[in-house]
Amino acid sequence: VLPPGSGKTLIGAEIARQIGRPVVVLTPNTAIQGQWAALWRSMSSPGGERLRVTEDRSLSGDVTVLTYQAIATFDDDAVSSGEAGLQTDRLHPDAADLLDRLAAGPAFTLVLDEAHHLAQTWGVLLAELLARLQAGRPPVVIALTATPRSRLTQQQAELTDQLFGPVLFSVGTPALVRDSVLAPFRELVRFVEPSQQEQRYLADSATRWRE
């Protein structure tokens with residue numbers, strides 16, 4: 001748990017790099033997906049080789065960077081029928097195929113960026129996915145967020161505990177400001193009197209409104 005701007009992406013990537021397994025990164029949107037892909041393309045493996053980075057479901061690279069929607073894509077027919085008991089039963093065939101290949105492939109490291117989103121949207125599906133992976137080759141899971149669990153609802157906090165267990169590392173904003181990692185935040189607001197022209201405009205606007 002680290003504040004925005006304090007290096008979550010770099011820390012998560014370096015931990016995953018040192019583990020040495022294939023990496024799958026899940027992000028909440030395509031903008032963050034692009035940031036992760038760019039970072040990985042600037043890195044090398046622990047052995048010094050350049051990493052192959054992909055942004056599609058092929059899983060053909062050393063690092064695959066996807067959005068959560070790549071997995072959480074549901075089949076409209078299954079959703080409308082209401083017969084499926086598990087979230088994974090409702091997945092679109094493309095998403096189901098991706099999960100099958102993840103479960104059947106080599107052990108990997110799963111990096112979850114902005115992991116607080118999982119307590120709100122994709123958490124139940126992820127819990128089912130992790131339960132399935134634990135039965136085969138369980139991944140190492142690295143969950144990154146700027147949202148402390150104290151800011152979650154009780155239900156969200158319980159799901160987060162189920163998914164990830166206790167927080168392993170956390171730094172607050174004041175400590176990072178003290179160490180000059182982050183700049184102090186201050187609202188810089190300057191109040192000034194409107195000019196005569198601006199005052200006339202406001203008065204005329206008020207008159208038109210009353211009329």
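The following refers to the structure shown.

Conventions and cut-offs
- Residues numbered from 1 in each chain as written.
- Predicted model: local features only at pLDDT ≥ 70, side-chain atom pairs only at ≥ 80, totals over all residues.
- Heavy atoms only, no water.
- Patch = residues over 30% accessible without salt bridge, like charges linked within 9 Å, V, L, I, M, F, W, Y side chains within 5 Å.
- Areas by Shrake-Rupley, 256 points an atom, 1.4 Å probe, with all protein chains shown as cover.
- Salt bridge = Lys/Arg side-chain N within 4 Å of Asp/Glu carboxyl O.
- Helix = DSSP H or I, 4+ residues; strand = E, 2+ residues; numbered from the N terminus.
- 1 Å grid on protein atoms, 1.4 Å probe; cavity = no way out; pocket = protein on both sides within 12 Å on 5 of 7 lines; lining within 4 Å.
- Points joined across faces, edges and corners; volume = space filled by probe spheres on them.
- Buried < 20%, exposed > 50% of the residue type's maximum accessible area, 1.4 Å probe, protein only.
- Pairing = 2+ DSSP bridges.
- Axes fitted to C-alpha atoms, helices over the stretch in contact; angles between N-to-C directions.
- Parallel < 35°, antiparallel > 145°, perpendicular 65-115°, else oblique.
- Left-handed = near helix turned anticlockwise from the far one by under 90°.
- Contact = heavy atoms within 4.5 Å.
- Nonpolar A, V, L, I, M, F, W, Y, C, P; charged D, E, K, R; others polar.
- Expected span 1.5 Å × (residues − 1).
- Arc of directions from axis to C-beta.
- Polar contact = N/O pair within 3.5 Å; in protein donor to acceptor, adjacent residues only side chain to side chain.
- Phe/Tyr/Trp six-rings, centres within 6.5 Å; stacked < 30°, edge-to-face > 60°.
- Lys NZ or Arg CZ within 6 Å of the ring centre and 35° of its normal.

### Observations concerning a nonpolar patch on the surface
A cluster of nonpolar side chains, Ile11, Ile15, Ile19 and Val140, forms an exposed patch at the surface whose accessible area comes to about 260 Å². Residue contributions to the nonpolar patch peak at 3 residues, all from helix α1 (residues 8–19). Mapping Ile19 onto the fold places it in helix α1.

### Notes on empty space enclosed by the protein
Inspection of the entire model under this criterion finds 1 cavity of 30 Å³ or more. Roughly 70 Å³ of volume is contained in the largest cavity. Lining the largest cavity are Leu26, Tyr68, Ile71, Ala72, Leu118, Trp122, Leu125, Leu126 and Leu129. For the lining of the largest cavity, the element with the highest residue contribution is helix α5 (residues 123–134), accounting for 3 residues.

### Considerations on the environment of Thr88
Among the structural elements, Thr88 can be located in the loop between α3 (76–81) and α4 (93–104). In this structure, the C-alpha to C-alpha distance between Thr88 and Gly7, residues 81 residues apart in sequence, is 33 Å.

### Considering the pairing of strand β1 (residues 23–27)
Most of β1 sits inside the fold, with 5 of its 5 residues counted as buried. Burial along β1 is two-sided: Val23, Val25 and Thr27 and Val24 and Leu26, pointing in opposite directions, are all buried. In the sheet, β1 pairs with strand β4 (residues 109–112) via 4 bridges, with the strands oriented parallel. Looking at β4, one finds that Val24 is bridged to Leu110.

### Focus: the pattern of salt bridges
Applying the stated criterion across every chain yields a total of 7 salt bridges. Of the charged contacts, one joins Arg52 and Asp62 as a salt bridge, the two residues approaching to 3.2 Å between their closest N and O atoms. With Arg52 in the loop between α2 (30–41) and β2 (53–54) and Asp62 in the loop between β2 and β3 (63–67), the pair connects residues that are 10 residues apart, well separated along the chain. According to the relative accessible area criterion, Arg52 is partly exposed, its value standing at 48%.

### Examining the packing of α1 against α2
α2 packs onto α1 with a crossing angle of 50° between their chain directions and a minimal axis gap of 11 Å. Relative to α2, the element α1 is oriented oblique. Judged by the sense of rotation from one axis to the other, the crossing of α1 with α2 is right-handed. From α1, Thr9, Leu10, Gly12, Ala13, Ala16 and Arg17 reach across to α2, where they touch Trp36, Leu39 and Trp40. Per-class residue counts for the contact of α1 with α2 are 6 nonpolar, 2 polar and 1 charged.

### Overview of α2
Owing to its 3.6 residues per turn, the α-helix brings residues three or four apart onto one side. Helix length check: α2 (12 residues) gives 16 Å between terminal C-alpha atoms against 16 Å at 1.5 Å per residue, within 8%. Listing the buried residues of α2 in full gives Ile32, Gln33, Trp36, Ala37, Leu39 and Trp40. Down the axis, α2 shows its buried residues gathered within 160° of arc, on one side only. Exposed positions of α2 whose direction lies more than 90 degrees from the buried face are Thr30, Ala31 and Gln35. If you follow the buried residues of α2, they end up packed against α1, β1, β2, β3 and β4. N-capping of α2 is provided by Asn29, with a side-chain oxygen placed 3.2 Å from the backbone N of Ala31.

### As for the packing of aromatic side chains
For any pair of aromatic rings, the description rests on two quantities: the centre-to-centre distance and the angle between the ring planes. Inspection of every chain in the model, using the stated rule, returns 0 aromatic pairs. Over the aromatic face of Phe74 sits the side chain of Arg90, whose NZ or CZ is 4.4 Å from the ring centroid.

Function cannot be inferred from these measures alone, as they are strictly geometric.
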